[in-house]
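Spelled out, the chains give:
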Amino acid sequence: MSAPTLPLQTPAIAVKERGREAIRFENVTLAFDDKVVLDNISFGLPHGETKAVFGVAGSGKSTILKLALGLMKPDSGRIYVLGQDVTQMSENELFDLRRQIGMVFQESALFDSRTVRENVAFRLMEEGTVSDDEIERRVREALSFVELERTVDMFPSELSGGMRRRVAIARAIVTQPEILLYDSPTGGLDPVTSTTIVELIVKQRDVYKTSSLMVTHRLQDAFIMATHYFDRTANKMLALPKGVHCEVPMAFLILRDGKVIFDGDLDELARTRDEYIREYIA
Amino acid sequence: MAAGDIQIPLRSPAEFAKEKVKALQDYALLVGQSLANLFRRPLYVTDMIQQADLIGVGSLPIVILTGGFTGAVLALNSASTLSRFGSLTLIAQLVSVGMVTELGPVITGLMVAGRNSSGMASELGSMTVTEQIDAMRALGTDPTKKLVTPRVVATVVMLFFLTIISDLLGLVGGNMVSSLLLGLDSRQYWTSAWQSLVWRDVTTGLIKPVLFGFVISTVGCYFGMSTRGGTQGVGRSTTQAVVVASVLILVVDFFVTKLLIALLGYR
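In this text, all values refer to a predicted model and were calculated from it rather than measured experimentally.

Peer 1: Would you explain the packing of helix H7 (residues 199-225) of chain B against helix H8 (residues 230-264) of chain B in this entry?
Peer 2: Describing two packed helices takes the angle between their axes plus the distance from one axis to the other. Residues and elements named next belong to chain B. In contact at an axis separation of 9 Å, H7 and H8 are set at 150° when each is read in the N-to-C sense. By the angle class used here, H7 and H8 are roughly antiparallel. The way H7 lies across H8 gives a crossing that is right-handed. When H7 is examined against H8, the residues Arg200, Thr204, Ile207, Lys208, Leu211, Phe212, Val215, Ile216, Val219, Gly220, Phe223 and Gly224 are found in contact with a partner set consisting of Ser237, Gln240, Ala241, Val244, Ala245, Leu248, Ile249, Val252, Asp253, Val256, Leu260 and Leu264. Each residue belonging to the contact of H7 with H8 can be placed in one class, and the counts come to 16 nonpolar, five polar and three charged.

Listed below in structure tokens is the structure:
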């Protein structure tokens, strides 16, 4: 897929504490009734890196995103997002922090009674400080990024699953957030549409240097992201030459029984001797 | 247990009580937040006007019909009793006081509860189960401020005016029966209806819709926001919202009437 050229906008970088990490989980535990979903897990997401989170269904992958966003609170442990401890913040304080984070939900979660324009513009309109002309310009820019400018006046129900996912990405990136959280962005999509979504995520990573956590079941998507980069001149995703795949800021996190059993890049993943992981990636 | 039987987990009385107390606590929190949001910016005035149109203008036909026919049937039913005592002329007084103090607010409240409490529960419930409420929070917007407070304000304001319309239409209905079926003088009816009302009746009749409006909207929003379990859950929330709002209207009506009698005395 070739995407239209976009003017480069570097997002404002907020205070980067705790070793320049966008997100830091420290000894986080969460249980629902008697079931322990996350068991004392710790990991970090360095600024500018995209981390793919894997695990079997029910292993707590989506929960990690909701915890990072402050939509849920852990039973114990600390979660730092852009240097702020979200476990200690009130809902009102979290609203301010969330304006610096974009989230793409598993089922898109578009507002079904609003048009694509209103969905993408939602955050800008809520800010109340952006002029109508500026909102229109940025909505068009975000929609052109996902190649859906023509759907601006349509309702979500009129779009296909893949298009809805792309609108959700446009809604998440319209304010150029510092962190992006993707919850199964390619789940249930055909291979062609999945590749389109993956290319958008790679473009966001390489052009805007956005830190991202991506929950997914699809290993092939993460492998593509680890072995490809977005070429701004060619304006498309290209494969890295052999031997330089670790140049891209891409990492893998694997969960099992509520614990982190792997946290590293593609090279480390390929070298691992853990039987479970080898079977998982086989 | 035979194969295919559905095993329903039994809850202990303690768990049941804990669940109910938690629901009450969540409802109280939502009520508190919806009121506190009135003093926080932004106020979402456009959303309030939009909701006022949906709730107020949208409910007008059913309020006109129910108000009119309630007044008419009140006149019809009381006519036989009053004529037995030779007091048929008191019919205007009975319809007037009955509609303004009790039937107008309660019937209008129940109608609006049936129409709008269910609407709010199903709309917000659908948004909850499709993660739209979470998406709103993720986008940095407080759903109680954006969705709940405008509905509460709009329902309280519009139910106040809808009740006045219902009262008036009830009196018109009573007048139709008394003049067309009972042969009473229309001018005498209106004079008697007007003179029989005292300020206590009007105050009682206008305080009630404010409280009922608050009950209808907060109950509808609470059940919508706490929906769990997909489309089946949305259906359950919608039913519960109507039932709870209707019952609460009657309960609140009793206690408010008792309180106002204690404060203002019998007429």
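Peer 1: For this particular structure, what's the right way to read the packing of helix H3 (residues 116-127) of chain A against helix H5 (residues 161-173) of chain A?
Peer 2: Residues and elements named next belong to chain A. Between H3 and H5, the shortest axis-to-axis distance is 7 Å and the interhelical angle comes to 30°. The orientation of H3 relative to H5 falls into the category roughly parallel. H3 and H5 meet at a crossing whose hand is right-handed. Contacts between H3 and H5 involve Val116, Asn119, Val120 and Phe122 from the former and Val167, Ala170 and Arg171 from the latter. Residue composition of the contact of H3 with H5, by class: five nonpolar, one polar and one charged.

Peer 1: Whenever I open this one, the interface of chain B and chain A confuses me. Can you help?
Peer 2: Interfaces are often described in size by the accessible area the parts lose on coming together. The interface of chain B with chain A comprises twelve residues on the first partner and 14 residues on the second. Residues belonging to the side of chain B that touches chain A are distributed by class as follows: four nonpolar, four polar and four charged.

Peer 1: What is the right way to look at the environment of Ser226(B) in this model?
Peer 2: Relative to the elements of secondary structure, Ser226(B) occurs in the loop between H7 and H8. When the C-alpha positions of Ser226(B) and Glu19(B) are compared, they lie 13 Å apart, and in sequence the two are 207 residues distant.

Peer 1: Hey, could you run me through the nonpolar core in this one?
Peer 2: Nonpolar side chains tend to gather and get buried jointly when the protein is soluble and globular. Formed by 125 residues in total, the largest nonpolar core has its most connected members in Val53(A), Ala68(A), Met103(A), Val120(A), Ala170(A), Leu181(A) and Val95(B). With residues near it in sequence (within four places) discarded, Ala68(A) still touches Ile23(A), Ile79(A), Val81(A), Leu181(A) and Leu213(A).

Peer 1: Got a minute to help me understand the sheet that holds strand S12 (residues 259-264) of chain A in this structure?
Peer 2: Within a sheet, each strand pairs with its neighbour through backbone hydrogen bonds, oriented either parallel or antiparallel. Residue and element names in this part refer to chain A. Pairing is mixed in the open sheet, where six strands are placed in the order S6-S7-S8-S3-S11-S12. The open sheet has two free edges, formed respectively by strand S6 (101-104) and S12, since each of these has just one partner strand. Taking the axes of each pair of neighbouring strands and ignoring which way they run, one obtains an average angle of 15° across the sheet. Across four bridges, the pairing between S6 and strand S7 (residues 179-183) is parallel. Across the sheet, Gly102 pairs through a bridge with Leu180, a residue of S7. Where helix H6 (residues 191-208) meets the sheet, its contacts fall on strand S3 (50-54), S7 and strand S8 (211-215), and the angle it forms with S8 comes to roughly 155°.

Peer 1: What exactly am I supposed to notice about the confidence of the model for chain B here?
Peer 2: Close inspection of predicted coordinates is inappropriate for parts of the model with low pLDDT. Mean pLDDT for chain B: 91, with 96% of residues reaching 70 or above. Across the interfaces of the predicted complex, the ipTM metric reaches 0.82, alongside a pTM of 0.84.

Peer 1: Any chance you could explain the sheet that holds strand S1 (residues 21-32) of chain A here in plain terms?
Peer 2: Residue and element names in this part refer to chain A. Pairing within the open sheet is antiparallel, and its four strands lie in the order S2-S1-S4-S5. The strands lining the two open edges of the sheet, one partner per strand, are strand S2 (35-46) and strand S5 (84-85). In terms of strand pairing, S1 meets strand S4 (residues 76-81) through five bridges, oriented antiparallel. Looking at the pairing, Glu26 lines up with Arg78 of S4.

Definitions and cut-offs
Residues numbered from 1 in each chain as written. Chains lettered and ligands numbered in written order. Predicted model: local features only at pLDDT ≥ 70, side-chain atom pairs only at ≥ 80, totals over all residues. Axes fitted to C-alpha atoms, helices over the stretch in contact; angles between N-to-C directions. Helix = DSSP H or I, 4+ residues; strand = E, 2+ residues; numbered from the N terminus. Parallel < 35°, antiparallel > 145°, perpendicular 65-115°, else oblique. Left-handed = near helix turned anticlockwise from the far one by under 90°. Contact = placed C-beta atoms within 7 Å. Nonpolar A, V, L, I, M, F, W, Y, C, P; charged D, E, K, R; others polar. Core = buried A, V, L, I, M, F, W, Y, C linked by C-beta atoms within 7 Å. Buried ≥ 20, exposed ≤ 12 C-beta atoms within 10 Å, placed from the backbone. Pairing = 2+ DSSP bridges. pLDDT = per-residue confidence, 0-100.

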